[in-house]
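# A look at the structure
Single-letter residue listing:
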Amino acid sequence: MISYGKQTIDQGDIDAVVDVLKGDWLTQGPAVGIFEDDLQKYFGAKQHVCAVSNGTAALHLAALTLGWQPNDIVITSPLTFLATANCIVYAGATPDFVDIDSISYTIDPNKVEKKVKYYRSIGKNVKAIIGIDFAGHPCDWKALREIADKYDLQLVNDNCHALGATYLNDKKYAVKYADLVIQSYHPVKHLTTGEGGAILTNNSDFDEKVRRLRAHGMTKDPNLMDENDGPWYYEIHEVGFNYRITDFQCALGSSQLKKLDSFVENRREIAKQYNNLFSNIEFIKTPKVQNTVEHSYHLYPLQINFEKLSLTKVEFFEKMKNAGVNLQVHYIPIHIQPYYQKRFGFKKGDFPISENFYQNELSLPVYPDLSTDDQKNVIKKIEEYING
Ligand SMILES: Cc1ncc(COP(=O)(O)O)c(C=O)c1O
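Now for a description of the structure that goes with this document. Bear in mind the structure is a predicted one, so any value in this text is a computation, not a measurement.

Attention now goes to the pattern of salt bridges. Considering all chains together, one arrives at 19 salt bridges under this definition. Across the salt bridge formed by K259 and D10, the nearest N and O atoms sit 3.0 Å from each other. Here the residue K259 occupies a position in the loop between helix 9 (247-257) and helix 10 (260-278), and D10 occupies one in the loop between strand 1 (2-3) and helix 1 (11-21), the gap between them amounting to 249 residues. Residue class for K259 comes out buried when judged on its relative accessible area of 17%. The exposure class of D10 is partly exposed, given its relative accessible area of 34%. Among the salt bridges present, the one from K150 reaches E113, with a minimum N-O distance of 2.8 Å. Linking K150 in helix 6 (residues 141-151) with E113 in helix 5 (residues 109-121), this pair joins segments that are 37 residues apart in sequence. Taking the relative accessible area as the measure of exposure, E113 reaches 19% and is therefore buried. What you see here is one network of salt bridges that share partners, running through E36, D207, R211 and R214.

Between two packed helices, both the angle of their axes relative to each other and the distance between the axes serve to describe the pair. Direction vectors running N to C along helix 10 and helix 14 (residues 372-386) enclose 25°, while the axes themselves pass 11 Å from each other. If you check the angle between helix 10 and helix 14, you find them roughly parallel. The element helix 10 and its partner helix 14 pack so that their crossing is right-handed. Listed contacts from helix 14 to I270, Q273, Y274, L277 and F278 of helix 10 are Q375, V378, I379, I382 and E383. Here the residues of the contact of helix 10 with helix 14 sort into seven nonpolar, two polar and one charged.

With antiparallel pairing, the three strands of this open sheet are ordered in space as 12-14-16. Looking at the sheet topology across the chains shown, the edges are occupied by strand 12 (284-285) and strand 16 (361-364).

This next bit is on the pairing of strand 6 (residues 154-158). Where burial is concerned, most of strand 6 is hidden: five out of the five residues are buried. Along strand 6, one buried face is formed by Q154, V156 and D158 and the opposite face, lined by L155 and N157, is buried too. Bridge count between strand 5 (residues 126-132) and strand 6: five bridges; the pairing is parallel. Residue pairing in the sheet places I132 in a bridge with D158 of strand 6.

Conventions used here
Residues numbered from 1 in each chain as written. Predicted model: local features only at pLDDT ≥ 70, side-chain atom pairs only at ≥ 80, totals over all residues. Heavy atoms only, no water. Salt bridge = Lys/Arg side-chain N within 4 Å of Asp/Glu carboxyl O. Helix = DSSP H or I, 4+ residues; strand = E, 2+ residues; numbered from the N terminus. Buried < 20%, exposed > 50% of the residue type's maximum accessible area, 1.4 Å probe, protein only. Axes fitted to C-alpha atoms, helices over the stretch in contact; angles between N-to-C directions. Parallel < 35°, antiparallel > 145°, perpendicular 65-115°, else oblique. Left-handed = near helix turned anticlockwise from the far one by under 90°. Contact = heavy atoms within 4.5 Å. Nonpolar A, V, L, I, M, F, W, Y, C, P; charged D, E, K, R; others polar. Pairing = 2+ DSSP bridges.

Okay, here's the thing in structure tokens:
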């Protein structure tokens, strides 16, 4: 079965993990700090990268670190994985959504500003914005930063899809614009640690708080403790979690990170083949790339106007599955999830661009190991079924 995404593991990765398994530290050892340093060098956060157990944990810690409270409104895009919006709910804050821009599929800054102004006009304040670099296409971060500064908002980058992408010719863009950056290293992402994630920031206070919350809220910093009974002593002044990542996961992460640029190149090559074949078909829309951006294609979201075809999206999806190609759909817009409708009053029709995107979207296979023959086979099947 060819899947829409999967990990690429080589002997170097396996050796790196085995080395750690043969050593003294399975967790809380040196490989964690080494991985954090490697990430810091690649993504440019000034010494502040905290690796955690997964991207969802990273989002949860971001919400707590930024101090979101009940009555705080946090704006994000409905076109994202559940965890982006769920982290707002974890903190007890109120999520609201702003529709995507129809070219980049990322949150539309003009609509963000409109919404912030609307809330101000009714005496409410927006606390933060979470932008998602959807599919590997960075948001319009300059515009989002300007809005955040103008209205005194916090800015978070859910960067899980865009490792290795560039914005304004810069691979280190994410921490330059956002107060906190979240990554995931799930196997379908650009690099993997199995489960895993990180929080990156240029703000040392945020970093210290994230680190405490990653490990139960514990501190051994004499400046932060009320007492000090001896070298074993620690205190908690807030409740944290066990969101640690293991050393063998981090060894895999460091080994994978060395190959990130070549992984991204492979993904771009695969995307180019799809673009060449599908961009001239009237009822198909390939992903567009703004000229400020180099896409890193975590996903290849193809939009097909099924109204123009003699088969439905469900029929097409199932035919592809029967032919050995497991497509996916990214995403069901979050505001139409029953929980969000019932708890926060969202309804179908609230964010029409995201909803229309969902009607038409299918994610085609894109991962570094996808062979030319397998990609040709995927393309042949798509052409066969859409041409009836
Ligand atoms: C945009 C986005 N945010 C957050 C997450 C959560 O990451 P994880 O699966 O590592 O918890 C994902 C993972 O699928 C994601 O795609």
